[in-house]
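Survey of secondary and tertiary structure
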Amino acid sequence: MDASRARARGRTRSRTRRLVLPLAAGVCAAALTAGCSSGSGSGAADAPERTTAQAAPLAANDLQDDYQAVIKDVLPSVVQIDASESLGSGVVYDDKGHIVTNAHVVGEETSFQVTAATGGQPVAARLVAAYPEQDLAVIRLESVPDGLRPAAFGDSSTVEMGQIVLAMGSPLGLSGSVTQGIVSATGRTVSEGRTGGGTGATIGNMVQTSAAINPGNSGGALVDLDSRVIGIPTLAASDPQMGGGSAPGIGFAIPASMVRTVADQIIEDGKVTDSGRAALDITGRTVLDDEYEPAGVAVVEAEAGGAAADAGLRAGDVITRLADDDITTITSLAESLADRRPGDEVAVTYVRGTATRKAEVTLGEM
């Protein structure tokens, strides 16, 4: 994904978000066979066959009951976050009043008003810390209301395509809204822009969903039918062929595993001490070829003792390939690194002067 991605950020002023629909429920075999006759035997006349058409409404009712049970379980853990110039969503993380949300929701602000999705008076909250590199932040309520209910976070490694999900938050300021869809894909690497208050983060292993994600949904909850949060809705795709307009049905959520990793460190240490994100330890910029097309990443500075410098790269080198990935822009480099871990050894192809060279680099940590 490129930097044309629009965030599902909180500012209802300039937001591009997506929406969509869900899936069809199958018919329960038990419902189809209940009371069916085997052709002979006692009770056959008293137990007429239930047709598929008759069973389908029962299956739909079961699914509806599942939706309503999940909403009842999880919605009290979802909040609306109001700042002076932004509005977004958040999820209650623990019983001490910590709320996890997106970094682009909090922006540069440090104080907020938080309202439960189920209603009640706003409660003041303050920023604990933000981690823009992963577009996550934690705020804390100054007083913990009675009945505060932390959400249950699931195991995002078990999330599968086709899984039914619900997105909960405050799209366009409509607090306590719920949309539904499926997991469209997993393992997506997505880059968000810096326009409109975005962090410019490149985030790996995201969950793609068809559930509607609109401005104000950022920081809310993407929930499975076991009432577990499997991700934090963050991005909605834009379509360059539509002038940057929304691409309905394509939204992205930060996986629960990364949310827990970042939130736990912020709560314990006030900052992220172990990002788990790979880095080359360079400052770089995109360079263009003679036809003004992106052609690589020029090393502006290679940090002394960093991964690139230790492998022999220096200022002026132009990186064109990382392992099997062609590198043409800063974004493509960030996306390639997002799929790797600190300590991984990768081959980096670069141009120095007119010569093409290759170096084995042990990746550092962002």
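Structure first, text after, so check above.
First, a word on what this report is: a plain description of the structure on this page. (Residues numbered from 1 in each chain as written. Predicted model: local features only at pLDDT ≥ 70, side-chain atom pairs only at ≥ 80, totals over all residues. Heavy atoms only, no water.)

Before going further, it helps to spend a moment on the side chain of Thr-209. Structurally, Thr-209 can be placed in strand E10 (residues 202-209). Of the polar contacts made by the side chain of Thr-209, one reaches the backbone oxygen of Ile-182; its length is 2.9 Å. Polar side-chain contacts of Thr-209 include one of 3.0 Å to the backbone nitrogen of Ala-211. The contact partners of Thr-209, leaving out residues within four places of it in the chain, are Val-165, Ile-182, Ser-184, Leu-222, Gly-249, Ile-250 and Gly-251. (Helix = DSSP H or I, 4+ residues; strand = E, 2+ residues; numbered from the N terminus. Polar contact = N/O pair within 3.5 Å; in protein donor to acceptor, adjacent residues only side chain to side chain. Contact = heavy atoms within 4.5 Å.)

This part takes up a negative patch on the surface. Together, Asp-289, Asp-290, Glu-291 and Glu-293 line one region of the surface with negative charge. Among the structural elements, Asp-289 can be located in the loop between strand E15 (282-288) and strand E16 (294-302). Taking relative accessible area as the criterion, Asp-289 reaches 33% and is therefore assigned partly exposed. (Patch = residues over 30% accessible without salt bridge, like charges linked within 9 Å, V, L, I, M, F, W, Y side chains within 5 Å. Areas by Shrake-Rupley, 256 points an atom, 1.4 Å probe, with all protein chains shown as cover. Salt bridge = Lys/Arg side-chain N within 4 Å of Asp/Glu carboxyl O. Lys, Arg positive; Asp, Glu negative; His and termini not counted. Charge placed at Lys NZ, Arg CZ, Asp CG, Glu CD. Buried < 20%, exposed > 50% of the residue type's maximum accessible area, 1.4 Å probe, protein only.)

Turning our eyes to something else, we now look at the sheet that holds strand E4 (residues 98-101). Reading around the barrel, the six strands line up as E2-E3-E4-E7-E6-E5 and close back on themselves, with antiparallel pairing between neighbours. In this sheet, neighbouring strand axes are inclined to one another by 40° on average, regardless of whether the strands run parallel or antiparallel. Note: strand E5 (residues 111-116) against strand E6 (residues 123-131), four bridges, orientation antiparallel. Its bridge partner being in E6, Ser-111 is matched across the sheet by Arg-126. Each of E4, E6 and strand E7 (136-141) touches helix H4 (residues 256-269); the most contacted strand, E7, lies at about 50° to it. (Pairing = 2+ DSSP bridges. Axes fitted to C-alpha atoms, helices over the stretch in contact; angles between N-to-C directions.)

The next point concerns the pairing of strand E20 (residues 355-362). In terms of strand pairing, strand E19 (residues 345-352) meets E20 through eight bridges, oriented antiparallel. Bridged to Tyr-350 within E20 is Arg-357. Adjacent in sequence and paired antiparallel, E19 and E20 are bridged by two residues, among which Gly-353 carries a positive phi angle near 70°.

There is about 760 Å³ of room inside the largest pocket. Lining the largest pocket are 32 residues, and of these Gly-200, Arg-277, Ile-330, Ala-334 and Met-366 lie nearest its centre. Looking at the lining of the largest pocket, the elements with two or more residues in it are strand E14 (278-279), E15 and helix H6 (330-338). With six residues, the top contributor of residues to the lining of the largest pocket is H6. In terms of residue class, the lining of the largest pocket is made up of 15 nonpolar, 10 polar and seven charged. A volume near 320 Å³ is recorded for the second largest pocket. Along the wall of the second largest pocket there are 15 residues; nearest its centre are Asn-205, Met-258, Gly-276, Ala-338 and Arg-341. For the lining of the second largest pocket, the secondary structure elements donating two or more residues are E10 and H4. The element that contributes the greatest number of residues to the lining of the second largest pocket is H4, accounting for three residues. In terms of residue class, the lining of the second largest pocket is made up of three nonpolar, seven polar and five charged. (1 Å grid on protein atoms, 1.4 Å probe; cavity = no way out; pocket = protein on both sides within 12 Å on 5 of 7 lines; lining within 4 Å. Points joined across faces, edges and corners; volume = space filled by probe spheres on them. Nonpolar A, V, L, I, M, F, W, Y, C, P; charged D, E, K, R; others polar.)

One finds Val-91, Val-100, Phe-153, Met-168 and Val-229 to be the most contacted residues of the largest nonpolar core, which totals 39 residues. If one sorts the elements of this core by residue count, H4 sits on top with six residues. Not counting residues up to four positions away in its chain, the partners in contact with Phe-153 are Val-91, Val-92, Tyr-93, Val-100, Arg-228, Val-229, Ala-256, Val-259 and Arg-260. By size, the runner-up hydrophobic cluster in this structure holds 18 residues, among which are Leu-280, Val-297, Leu-322 and Leu-363. (Core = buried A, V, L, I, M, F, W, Y, C linked by side-chain atoms within 4.5 Å.)

Here we come to unusual backbone geometry. Backbone geometry places Asp-135, a non-glycine residue, at a positive phi of 55°. Along the chain, the position of Asp-135 falls in the loop between E6 and E7.

Moving on to the pattern of salt bridges. Tallying each qualifying case throughout the model produces four salt bridges. Here Arg-321 and Asp-326 are joined by a salt bridge, their closest N and O atoms 2.2 Å apart. Taking the relative accessible area as the measure of exposure, Arg-321 reaches 28% and is therefore partly exposed. Its relative accessible area of 54% is what places Asp-326 among the exposed residues. Ionic pairing is found between Arg-340 and Asp-325, a salt bridge with its closest N-O pair at 2.9 Å. One end of the pair, Arg-340, is in the loop between H6 and E19; the other, Asp-325, is in strand E18 (residues 325-326), and 15 residues separate them in sequence. Asp-325 gets classed as partly exposed once you look at its relative accessible area, which sits at 28%.

The subject of this paragraph is the environment of Leu-127. Within the secondary structure layout, Leu-127 lies in strand E6. Once the C-alpha coordinates of Leu-127 and Ala-137 are considered, the two residues, 10 residues apart in sequence, prove to be 7.9 Å apart. With near-sequence residues (within four places) excluded, Leu-127 lies in contact with Val-106, Glu-109, Thr-110, Phe-112, Ala-137, Val-138 and Ile-139.

Let us look at the pairing of E7. The buried fraction of E7 amounts to five of the six residues, a majority that puts the element mostly inside the structure. In this structure, E4 lies alongside E7, joined through four bridges in antiparallel fashion. If you follow His-98 over to E7, its bridge partner there is Arg-140. Inspection of the sheet shows E6 paired to E7 by six bridges, in the antiparallel sense. Along E7, the bridge assignment pairs Leu-127 with Ile-139. Between E6 and E7, which pair antiparallel one after the other, the connecting turn spans four residues, and Asp-135 there sits at a positive phi close to 55°.

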